[in-house]
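Structural characterization, general
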Amino acid sequence: MRWARAAGRGLLVLVVLLSGYVFAGARADVPGTGRGPLTLATAGDLTGYLGSLLAGWNRTHPGEKVTLVELPDSTDETRAQMETDLRGEDRGRFDVLNIDVDWTSQFAAAGWIRPLPRERFPLRDFLPPVVGTATYEGRLYAVPYVTNAGLLLYRKDVLAKEGLPPPRTWAELERDARTVAPKYGLDGYAGQLAPYEGLTVNAAEAVYSAGGTILGDEGKRVTVDSAAAREGIDFLVRGVREGWIPKQALTYTEEESKQAFEDGHLLFLRNWPYAYVAANGAGSAVAGEVGAVRLPGPDGPGTSVLGGSNLAVTAHTRHPDSAERLIAYLTSEPVQRQVLTRGALPPVRAALYDDPALVRRFPYLPALRAAVLSAAPRPKSPRYDQVSLVVQAVVHDALTGRQTPAAAVRCLARELAAVTER
Ligand code: GLC
């Protein structure tokens, strides 16, 4: 009977704990309850949708209202501002951070964000690869919110006139960029090749598509020195050298490259899905003429880098319970649907990619799901900012012809080793 008494005692403790939890939870903004108003910091909201989502929460949670703080558009500048804030005297103004997927390890290792209880979030309903971006050393430190995968946008009208399908391989992309684009007064291909996080993404996609890697073992091992990595970097370097990637692309971030494509200057563009929606929308000179497929690789579809953002709770927040509840709201099915319909951003919930009404409205969803499922994360590292800076600097030097792809890969191996051993 001992076990029954013990179990009974356990149940009693559980009931007391639970009722305490519910009771405490009912009183908003009382010290010690973990509930109260919140500040959510995010990179620039490029599609201007987030305010309306948060308004939905604020209407029904008067004691836990969220104030939105929009930081710069560029992910690098946003990270720098969040870091300054988190290192500051008063340990920051923010409770919830919408962090780029590649920062989770660094923010967790620095102790800026707190581990989260897995059972409070619908992780099983998410596309599997996104959950990996939210963990560090086996613990959950953030909750996936938006995913992303690079796609190849192409001009349907131009390829149709030439009787060509969208390219599946690098050779086909190069051929069309070099021979078809000039016939229509267009540049061939562009991505985001300015020295910032976007270049790390474009370089990693080229390396991964050729079968290479950059780091292994959660950032502890440098694996970049390979023939595959050289082939990947060479694809981009060759494009610039031969002119089928225009020189201006070396200054492009997402927004500038999107604008060049919308203004009708490019045959092909690598960008995130939001650019596909915008290029077919009002204000685009090529609306209705834009298709999207998976990124090409050496012998067939290539590998996209997994993009997107995760929601994390700061270590010092006074309202962790509200913060977790807000995250549960933002990752709930109806809100994730709005992330797509209002924000043109790829949701993390798998079932939405099969929803017939959504697929009719966003015909790129099946291609996007395939791209996300086969996408590879950026190297996980507690020093991710340094890793990315090295990749950006070295690859940009190769793109401007200051060093060969082979020398660039040797240099990457050397400099990344210095970062990871530090
Ligand atoms: C997008 C992606 C993000 C990536 C950034 C690069 O915002 O979602 O993951 O780091 O672009 O510029």
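Since the model is a prediction, treat every value here as computed from it, not as a measurement.

**Quick word on unusual backbone geometry**
- At Glu137, a position not held by glycine, the phi torsion is positive, near 45°.
- Relative to the elements of secondary structure, Glu137 occurs in the loop between β4 (135-136) and β5 (139-140).
- For Glu137, a relative accessible area of 55% translates into the label exposed.
- The phi angle at Ala344 is positive, at roughly 55°, despite the residue not being glycine.
- Relative to the helices and strands, Ala344 resides in the loop between α13 (333-341) and α14 (356-361).
- Note on Ala344: relative accessible area 9%, which makes it buried.

**A closer look at the site of the ligand**
- Close to the ligand lie Thr75, Asp100, Asn148, Tyr196, Glu197, Gly198, Glu254, Trp272, Gly307, Gly308 and Arg378.
- Interatomic distance of 2.5 Å between a side-chain N/O atom of Asp100 and an oxygen atom of the ligand.
- Between the ligand and Glu254 there is a distance of 2.7 Å, counted from an oxygen atom to a side-chain nitrogen or oxygen.
- Against a free-state accessible area of 310 Å², the protein chains account for coverage of 85% of the ligand.
- With respect to the detected pockets, the ligand is housed in the largest pocket.
- Elements represented by at least two residues in the shell around the ligand include exactly α8 (197-209) and β13 (306-313).
- Domain assignment of the residues forming the shell around the ligand places at least three in each of domain 1 (3-148 + 306-373) and domain 2 (151-294).

**Here we look at the layout of surface pockets**
- Volume-wise, the largest pocket comes out at about 710 Å³.
- Ala43, Gly44, Leu46, Asp73 and Asn148 are the residues nearest the centre of the largest pocket, which is lined by 32 residues in total.
- Of all the elements in the fold, those that place two or more residues in the lining of the largest pocket are β3 (96-100), β6 (143-149), α8, α10 (254-262) and β13.
- Considered class by class, the residues forming the lining of the largest pocket number 13 nonpolar, twelve polar and seven charged.
- When residues are assigned to domains, the lining of the largest pocket turns out to be shared by domain 1 (3-148 + 306-373) and domain 2 (151-294), each giving three or more.

About the cut-offs
- Residues numbered from 1 in each chain as written.
- Predicted model: local features only at pLDDT ≥ 70, side-chain atom pairs only at ≥ 80, totals over all residues.
- Heavy atoms only, no water.
- Helix = DSSP H or I, 4+ residues; strand = E, 2+ residues; numbered from the N terminus.
- Buried < 20%, exposed > 50% of the residue type's maximum accessible area, 1.4 Å probe, protein only.
- Near = heavy atom within 4 Å.
- Polar contact = N/O pair within 3.5 Å; in protein donor to acceptor, adjacent residues only side chain to side chain.
- Areas by Shrake-Rupley, 256 points an atom, 1.4 Å probe, with all protein chains shown as cover.
- 1 Å grid on protein atoms, 1.4 Å probe; cavity = no way out; pocket = protein on both sides within 12 Å on 5 of 7 lines; lining within 4 Å.
- Sits in = over half its atoms within 2 Å of the grid points.
- Domains from an automatic or database assignment.
- Points joined across faces, edges and corners; volume = space filled by probe spheres on them.
- Nonpolar A, V, L, I, M, F, W, Y, C, P; charged D, E, K, R; others polar.

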